[in-house]
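The chain contents come next:
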Amino acid sequence: MNHPRKLQTVGFVCLAVLCATAGAADIEFDYEIIGLLDAEHQYPPPSGSYNESEFVAANSAAVIGDALRVPFGDDGSGNSIWLYDGSDYRIVSLTDAEHTKTLYYDTGGVRGLLREASARKVLLGPSGHVVGLSSRFSEDDWFSRGTSAWYHDGVTRIMGFTDAEHSRPGGLRSSRINAAPNSSGWVAGASSRYVAESGQQTSGLTAWLYDGSTTTNISIVGEGFENPDHHTGLYRISNTLAINDAGQVLGLSTKYGLDPGGTYYQDKGDLVWLYDNGTRILGGLTDAEHTEADGTNDSRGLFLNASGQFVGTTNRPDPNRGQSAWLHDGTNVIKLGFYDALHTESCCGWQLSYVTALNDAGQVLGYSTAFYSGDDRGNTAWVADGQTTSTIGLFDAAHTRSTDGLQSNTGVKLNEAGNVVGSAQRFNAAGDYIGVSLWLYDGSSAQSISPTAPVLIRDTDGFSSSYVSFLNEASQATGTASRYGTGGTYLGQAVWVFDGDQTVTLGSMSQDTNGYAWTAVDFLSDTGVAGGYYRRYS
């Protein structure tokens, strides 16, 4: 379906390309309106010719969006996931009978068709493969029959397990996807398990790897990973978290064991693993600091890079408390973060370190909680490579609280060059919190890249609120900031862009009569192309 590039209505509008002329007095935009504008997705007059599309994902291969389907009466009719390849559109979510609910009038006759796909679970791979979830229906009643995981490479088909172990009597079946396809189109996911005793509840999850044609079970099974005493029957959980271009999969499995009295099985924590062509490499910190007396040890996997390095966190149980960050560098598990006196809570020994990103060079971005007076806490942002850890952020007077020296920096995004964008809390001379500054770390120092347009600064107290959404490989960044009017009136949201030299705020493309405007950014390419949407008011 090849739709005209025009929109006649009030609604949400997708911008395929949104470019700013840096330094211009009036920001200029070069944009193309895209989305599904056919009868199925646009209210006809006299209802107002309304339609609603939003970005989901985009890369050089395709743009993926979510379009609201026209409702019938007071009932919604769901949505469609669409793909735009630069010249044409196609719906990629499932539209067959299993995923369509026919609704009827009380007196007979078809009112409309209901189809639902989760836009939050649609993922686009670098080669244009698209995966997502669609709701399953029964014509007999309104009850959901679960979700199907689907895969599109020109044709849409179902992934995951659909056998008896993964289907409840009555037709309930559900699969999930947690990571985008790799460059070869391989996908990692999981399917819910059901056994005879489970009724409507699941008996855990089965992790799987799909290579475009075959689904392989990659779960850990057997003693130590199964709970035979669970009220739903033999219970086991394995889930997938990430996949790289080598086909390695980051996942986790829940461990089980007898309680200290030897009378019943209990959860012993999650084990993080890397699946590599039939073998597994185990992650997490397993020393005494991170293991309870009964053997419970609980880790979370977070990110996987191209060479098979992966990062995560492990709980610190009583009497130690909090969590530690770690890197598996391909050979060893290395503890990361800060654990000195400033980063240890004086009362009860809490230590908290977090991981926010991992690049292919093995650099890890994270932060550790710093404990100041009373309950006040800040964050210390850091970059580590397994050998050295560098503190990053802004540390001048404007970002140091005068009353107690509190500083708080959080790294948000990390690129392959090792550059970081993040935020630092701001304070006035009296020590009052007045928002955040955004910064870019270039490998040696950090500079402020905060947008400074007057509309983004509250005139009553100097407060400003900005957020980083994306950082590309050219170290350009974009995000959003709150807008304010006279007297500190909140006036919506604007988009800002850092082009490598300066930060500009994109002007609003539509405002209501009070000056309220809302613009959002949904992606930033490595060539400096950003996409998003804005609300139209006229």
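Further up the page is the structure itself.
These numbers were taken from a predicted model, which means no experiment stands behind them.

S.K.: Residues and numbers for a negative patch on the surface, please.
M.R.: Residues D245, D360, E416, E473 and D526 make up a contiguous surface patch of negative charge. For D360, the position within the fold is in the loop between β25 (350-358) and β26 (364-371).

S.K.: Would you mind going over the sheet that holds strand β3 (residues 53-58) in detail, with residue names and values included?
M.R.: Within a sheet, neighbouring strands are paired by backbone hydrogen bonds and run either parallel or antiparallel to one another. With respect to topology, four strands assemble into an open sheet ordered β3-β4-β5-β6, the strand pairing being antiparallel. Since the sheet does not close on itself, it has two edges, and those belong to β3 and β6 (89-91), each with one partner. On average, each strand axis in the sheet is tilted by 30° relative to the strand beside it, whichever way the strands run. Bridge count between β3 and strand β4 (residues 63-68): five bridges; the pairing is antiparallel. Looking at the pairing, S53 lines up with A67 of β4.

S.K.: Any details on the sheet that holds strand β29 (residues 409-414)? Residues and values, ideally.
M.R.: Strand order in the open sheet formed by four strands is β29-β30-β31-β32, with antiparallel pairing between adjacent strands. Each edge of the open sheet is held by one strand with a lone partner, namely β29 and β32 (446-448). Put simply, the sheet's adjacent strands are angled 35° from each other on average, direction ignored.

S.K.: Could you give an account of the pattern of salt bridges, naming the residues involved and the relevant values?
M.R.: Inspection of the entire model under this criterion finds 16 salt bridges. E289 serves as the salt-bridge partner of R316, at 2.8 Å between the closest nitrogen and oxygen. Here R316 is found in the loop between β22 (310-315) and β23 (321-328), whereas its partner E289 is found in the loop between β20 (279-282) and β21 (299-304), with 27 residues between them in sequence. A residue is classified by how much of its surface remains accessible, and R316, at 7% relative accessible area, is buried. Within this structure, E165, R193, E226 and R236 form a network of salt bridges that share partners.

S.K.: Break down the side chain of K268 for me, citing the residues and quoting the values.
M.R.: Relative to the helices and strands, K268 resides in strand β19 (residues 265-276). Separated by 3.4 Å, the side chain of K268 and the backbone oxygen of L258 make a polar contact. A polar contact of 3.2 Å, which involves the side chain of K268, links it to the backbone oxygen of D294.

S.K.: Provide a residue-level description of unusual backbone geometry, including the pertinent values.
M.R.: With the exception of glycine, the majority of residues adopt a negative phi angle, and the majority of peptide bonds are in the trans configuration. Located in the positive-phi region is N277, a residue other than glycine, with phi close to 55°. Along the chain, N277 turns up in the loop between β19 and β20. Notably, S475 is not glycine yet its phi reads approximately 60°, a positive angle. Note on placement: S475 falls in the loop between β33 (466-471) and β34 (477-484).

S.K.: Give a description of empty space enclosed by the protein that names residues and reports values.
M.R.: Over the atoms, a rolled probe matching the size of one water molecule traces out where space is still vacant. Applying the stated criterion to the full structure yields three cavities of 30 Å³ or more. Estimates place the volume of the largest cavity at around 40 Å³. T147, S148, A149, I158, M159, G160, F161, T162, R173 and S175 together form the lining of the largest cavity. Only β11 (146-152), β12 (156-159) and β13 (173-177) provide two or more residues apiece to the lining of the largest cavity. In terms of residue count, the dominant contributor to the lining of the largest cavity is β11 (three residues). Across the lining of the largest cavity, the residue classes tally to four nonpolar, five polar and one charged.

S.K.: Tell me about the pairing of β12, residues and numbers included.
M.R.: As judged from the four bridges shared by β11 and β12, these two strands associate in the antiparallel manner. When the sheet's bridge partners are listed, Y151 is paired in β12 with R157.

S.K.: Hey, could you go over the pairing of strand β30 (residues 420-427) for me, with residue numbers and the actual values?
M.R.: Along β30, seven of the eight residues are buried, which leaves the element largely enclosed by surrounding structure. Of the pairings in the sheet, the one linking β29 to β30 comprises five bridges and is antiparallel in character. From the neighbouring strand, G411 faces β30, where its bridge partner is G422. Counting the residues in the hairpin turn of β29 and β30 gives five residues, including G418, whose phi is positive at 90°.

S.K.: Just give me the short version of the packing of aromatic side chains, but keep the residues and values in it.
M.R.: The final tally for this structure, using the stated rule, is 10 aromatic pairs. Ring plane angle 20° and centroid distance 4.8 Å describe the contact between Y354 and Y367, whose orientation is recorded as stacked. Residue Y354 is located in strand β25, and its partner Y367 is located in strand β26; the two are separated by 13 residues in the primary sequence. With a relative accessible area of 27%, Y354 lands in the partly exposed category. Seen in terms of ring centroids, Y484 and Y490 are 6.3 Å apart; in terms of plane orientation they differ by 70°. Their pairing is edge-to-face. When its relative accessible area of 41% is taken as the criterion, Y490 is described as partly exposed.

Cut-offs and rules
- Residues numbered from 1 in each chain as written.
- Predicted model: local features only at pLDDT ≥ 70, side-chain atom pairs only at ≥ 80, totals over all residues.
- Heavy atoms only, no water.
- Patch = residues over 30% accessible without salt bridge, like charges linked within 9 Å, V, L, I, M, F, W, Y side chains within 5 Å.
- Areas by Shrake-Rupley, 256 points an atom, 1.4 Å probe, with all protein chains shown as cover.
- Salt bridge = Lys/Arg side-chain N within 4 Å of Asp/Glu carboxyl O.
- Lys, Arg positive; Asp, Glu negative; His and termini not counted.
- Charge placed at Lys NZ, Arg CZ, Asp CG, Glu CD.
- Helix = DSSP H or I, 4+ residues; strand = E, 2+ residues; numbered from the N terminus.
- Pairing = 2+ DSSP bridges.
- Axes fitted to C-alpha atoms, helices over the stretch in contact; angles between N-to-C directions.
- Buried < 20%, exposed > 50% of the residue type's maximum accessible area, 1.4 Å probe, protein only.
- Polar contact = N/O pair within 3.5 Å; in protein donor to acceptor, adjacent residues only side chain to side chain.
- 1 Å grid on protein atoms, 1.4 Å probe; cavity = no way out; pocket = protein on both sides within 12 Å on 5 of 7 lines; lining within 4 Å.
- Points joined across faces, edges and corners; volume = space filled by probe spheres on them.
- Nonpolar A, V, L, I, M, F, W, Y, C, P; charged D, E, K, R; others polar.
- Phe/Tyr/Trp six-rings, centres within 6.5 Å; stacked < 30°, edge-to-face > 60°.

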